Amino acid sequence: MNDKILSISRRTRETPYSRRVEAAGVKGYTVYNHMLLPTFFDSNEADYWSLCEDVQVWDVSCERQIEVVGPDSERLIQLMTPRDISKASIGQGLYAPLCDENGGIVNDPVLIKFASDDWWISIADSDVRLWARGLAQGFGFDVQIREAAIWPLAVQGPKAEELVTRVFGDEVPGIRFFRSKMLEYKGKPMMVMRSGYSKQGGFEIYLNDADLAEPLWDELFARGQDLKVRAGGPNLIERIESGLLSYGNDMNYSHNPFECGLDAFIDLDADIDSMSLPALRALAGKHLHQLVGLVFEQPVEFAGYAVIADNRVVADVRSQVWSPRYRKYLAMAMMRRDFLAENQSLTVDGKIGRIVDLPFDFDAIC
Ligand code: THG
């Protein structure tokens, strides 16, 4: 689609970093959890190289934290996800699909055990708070549920550890993947986790004081000048190359975790009380679609999102991008498994594309 102006109002919420994001020359926004999410500053491709080679600071305030506090908090979270959360330690993050009673994906958040009866759901783009409150009411759980006053800031890229260490100190390198430490910024303890929506490495700082947003942003830029720090955001090219899924794009509530290749994040055999597990156990191996990669040698134009072959719709294109590194056109598509079983390629726009497993294996592809 042609570029259009996004009309910004109270509904498309700003963040405590918005003034700095504007000053850094943001060129594109999307709306995520009813909040502005910067998408690019220079161009998708220039931002991609800066992320892969140096370090970027991302305003990911839109990763809203739905905080569930109270004696039944773990019970409610476990009801919502088919991933076994019983062995999580305090300060740990768990990537986990949330699924409804049919096994449909409601969201794919990072779950954070902040304290034994205080769980944070770091949500992707859907209204989890409504669903959680409905369940809590219906089941009579003793919990309080709110959108917390937390504005995550991601620092991503190969030089992220150096930069975050300069600002938060020597404890930073000892933080393991998807683990966190409470580290002080201007005397306030904040959670710093080794996580983020890229595969370039980095951290997420869970800012808990809006008045510190601009000082933190400014300090990261001042101390990161020699590291070529730039403002950025989740990058379309990098996240597709890395096989990171985007809720609402690659999947939604009509898909289940098997179709999305999220099998590793569900525990079918666990003895847990999760509302989707009966449906998922019945579905295992019988799902009709699979999210696959398509690889073309040149850019292709899909006519809409449906891919037709043998006079029927065989796939639904979910995300697509040109990879400047590999010089391939990459797409993620939800494909019929009966077509997948018999085909290793398909033709779109007169060009032949290979059908591959996700995540893309570029050693095999190139
Ligand atoms: N960080 C935080 N919250 C988030 C996101 C994030 N909420 C929204 C969105 N991103 C949720 N989606 C994802 C998708 C993938 C990953 C994290 C969040 C991810 N996956 C790794 C992988 O697939 O290899 C690791 C998974 C694991 O081993 O647990 O990192 O980015 N706070």
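Look up a bit, the structure's there.
All of these numbers come straight from a predicted model, not from anything done at the bench.

A. Just the overall build of the protein chain, in detail. Looking only at helices and strands, the protein chain has 10 helices and 21 strands in total. Taking 366 residues into account, the globule formula puts the C-alpha radius of gyration at 21 Å, and the protein chain, at 21 Å, falls close to it. Dimensions of the protein chain along its principal axes, counting C-alpha atoms only, are 65 × 50 × 40 Å. Sequence-distant contacts, at least 24 apart, represent 65% of the contacts inside the protein chain between residues at least 6 apart. A total of about 16900 Å² of accessible surface is found on the protein chain, and carbon and sulfur atoms cover 48% of it. Each charge sign in the protein chain was given a centre, from 39 positive and 54 negative side chains, and these centres are 2 Å apart.

B. Summary view of the nonpolar core. Formed by 35 residues in total, the largest nonpolar core has its most connected members in I105, I112, Y206, L245, C260 and F360. When residues of this core are assigned to their parent elements, the largest contribution, three residues, is made by strand β19 (residues 328-336). With sequence-adjacent residues up to four places away left out, I105 is seen in contact with L98, C99, Y247, M251, N252, Y253, H255, N256, P257, C260 and L262. Grouped together as the second largest cluster of nonpolar side chains are 31 residues, V164, F168, Y185 and L207 included.

C. Just the site of the ligand, in detail. Taken together, 17 residues surround the ligand, and among them D108, S122, K199, E204 and Y206 come closest. Take S122: an N or O atom from its side chain is 2.7 Å from a nitrogen atom of the ligand. A distance of 3.4 Å is found between a nitrogen atom of the ligand and a backbone nitrogen or oxygen belonging to I123. A total of 650 Å² of accessible area belongs to the ligand in isolation, and the protein chains cover 86% of it. Considering only residue class, the shell around the ligand consists of 11 nonpolar, two polar and four charged.

D. Local environment of the environment of G232. Residue placement: G232 occurs in strand β15 (residues 229-232). C-alpha of G232 to C-alpha of D209: the two residues are 23 residues apart in sequence and 22 Å apart in space. Not counting the four nearest positions on each side in its chain, G232 is found in contact with F41, Q56, V57, W58 and D59.

E. Layout of helix α3 (residues 73-80). Of all eight residues in α3, six are buried, a share of seventy percent or more. Every buried residue of α3 is accounted for by S73, L76, I77, Q78, L79 and M80. On its buried face, α3 is in contact with β4 (65-69), β6 (98-99), β8 (110-115), β9 (118-122), α4 (128-139) and β10 (144-147).

F. Molecular detail of the sheet that holds strand β18 (residues 312-323). Strand order across the open sheet formed by six strands is β17-β18-β19-β16-β21-β20, with antiparallel pairing between neighbours. Each having just a single partner strand, β17 (306-309) and β20 (345-348) make up the two edges of the open sheet. Taking each pair of neighbouring strands and ignoring which way they run, the sheet shows an average axis angle of 40°.

G. Fine view of the pairing of strand β1 (residues 28-32). Pairing of β1 with strand β2 (residues 35-40) involves five bridges; the strand directions are antiparallel. Looking at the pairing, T30 lines up with L37 of β2. Here β1 hands over to β2 after two residues, with N33 in that stretch at a positive phi of 50°.

H. Structural context of the sheet that holds strand β5 (residues 93-95). Spatially, β5-β8-β9-β4-β10 is the arrangement adopted by the five strands of the open sheet, whose pairing is antiparallel. Two strands in the sheet have a free side with no partner beyond their single neighbour: β5 and β10. Direction aside, the axes of adjacent strands within the sheet are offset by 20° on average. Bridge count between β4 and β9: five bridges; the pairing is antiparallel.

I. Quick peek at the pattern of salt bridges. Enumeration according to the criterion identifies 22 salt bridges in this entry. One salt bridge connects R223 with E219, and the closest N-O pair in it is separated by 3.0 Å. Of this pair, R223 and E219 both sit in helix α6 (residues 213-223), separated by four residues, roughly a single helical turn. The network of salt bridges with shared partners includes R19, R20, E214 and D218.

J. The packing of α3 against α4, seen in detail. α4 packs onto α3 with a crossing angle of 115° between their chain directions and a minimal axis gap of 11 Å. Helix-helix and strand crossings are classified by hand; for α3 and α4 the assignment is right-handed. Residues L76, L79 and M80 of α3 form the contact with α4, whose participating residues are W131, A132, L135, A136 and F139. Considered class by class, the residues forming the contact of α3 with α4 number eight nonpolar, no polar and no charged.

K. Highlighting the packing of aromatic side chains. One pass over the full model with this rule turns up 12 aromatic pairs. With a centroid separation of 6.1 Å and 55° between ring planes, the pair formed by W120 and Y206 is classed as tilted. A residue pair is termed long-range when its members are at least 10 positions apart, and W120 in strand β9 and Y206 in strand β14 (residues 202-207) qualify at 86 residues. Plain terms: the ring middles of F177 and F178 are 4.7 Å apart, the flat faces sit at 45° to each other, and that makes the pair tilted. A relative accessible area of 62% places F177 in the exposed class. Within the aromatic cluster, the residues linked to one another by ring pairs are Y17, W217 and F221.

Cut-offs and rules
- Residues numbered from 1 in each chain as written.
- Predicted model: local features only at pLDDT ≥ 70, side-chain atom pairs only at ≥ 80, totals over all residues.
- Heavy atoms only, no water.
- Helix = DSSP H or I, 4+ residues; strand = E, 2+ residues; numbered from the N terminus.
- Rg over C-alpha atoms; globule rule 2.2 N^0.38 Å.
- Contact = heavy atoms within 4.5 Å.
- Areas by Shrake-Rupley, 256 points an atom, 1.4 Å probe, with all protein chains shown as cover.
- Lys, Arg positive; Asp, Glu negative; His and termini not counted.
- Charge placed at Lys NZ, Arg CZ, Asp CG, Glu CD.
- Core = buried A, V, L, I, M, F, W, Y, C linked by side-chain atoms within 4.5 Å.
- Buried < 20%, exposed > 50% of the residue type's maximum accessible area, 1.4 Å probe, protein only.
- Near = heavy atom within 4 Å.
- Polar contact = N/O pair within 3.5 Å; in protein donor to acceptor, adjacent residues only side chain to side chain.
- Nonpolar A, V, L, I, M, F, W, Y, C, P; charged D, E, K, R; others polar.
- Pairing = 2+ DSSP bridges.
- Axes fitted to C-alpha atoms, helices over the stretch in contact; angles between N-to-C directions.
- Salt bridge = Lys/Arg side-chain N within 4 Å of Asp/Glu carboxyl O.
- Left-handed = near helix turned anticlockwise from the far one by under 90°.
- Phe/Tyr/Trp six-rings, centres within 6.5 Å; stacked < 30°, edge-to-face > 60°.

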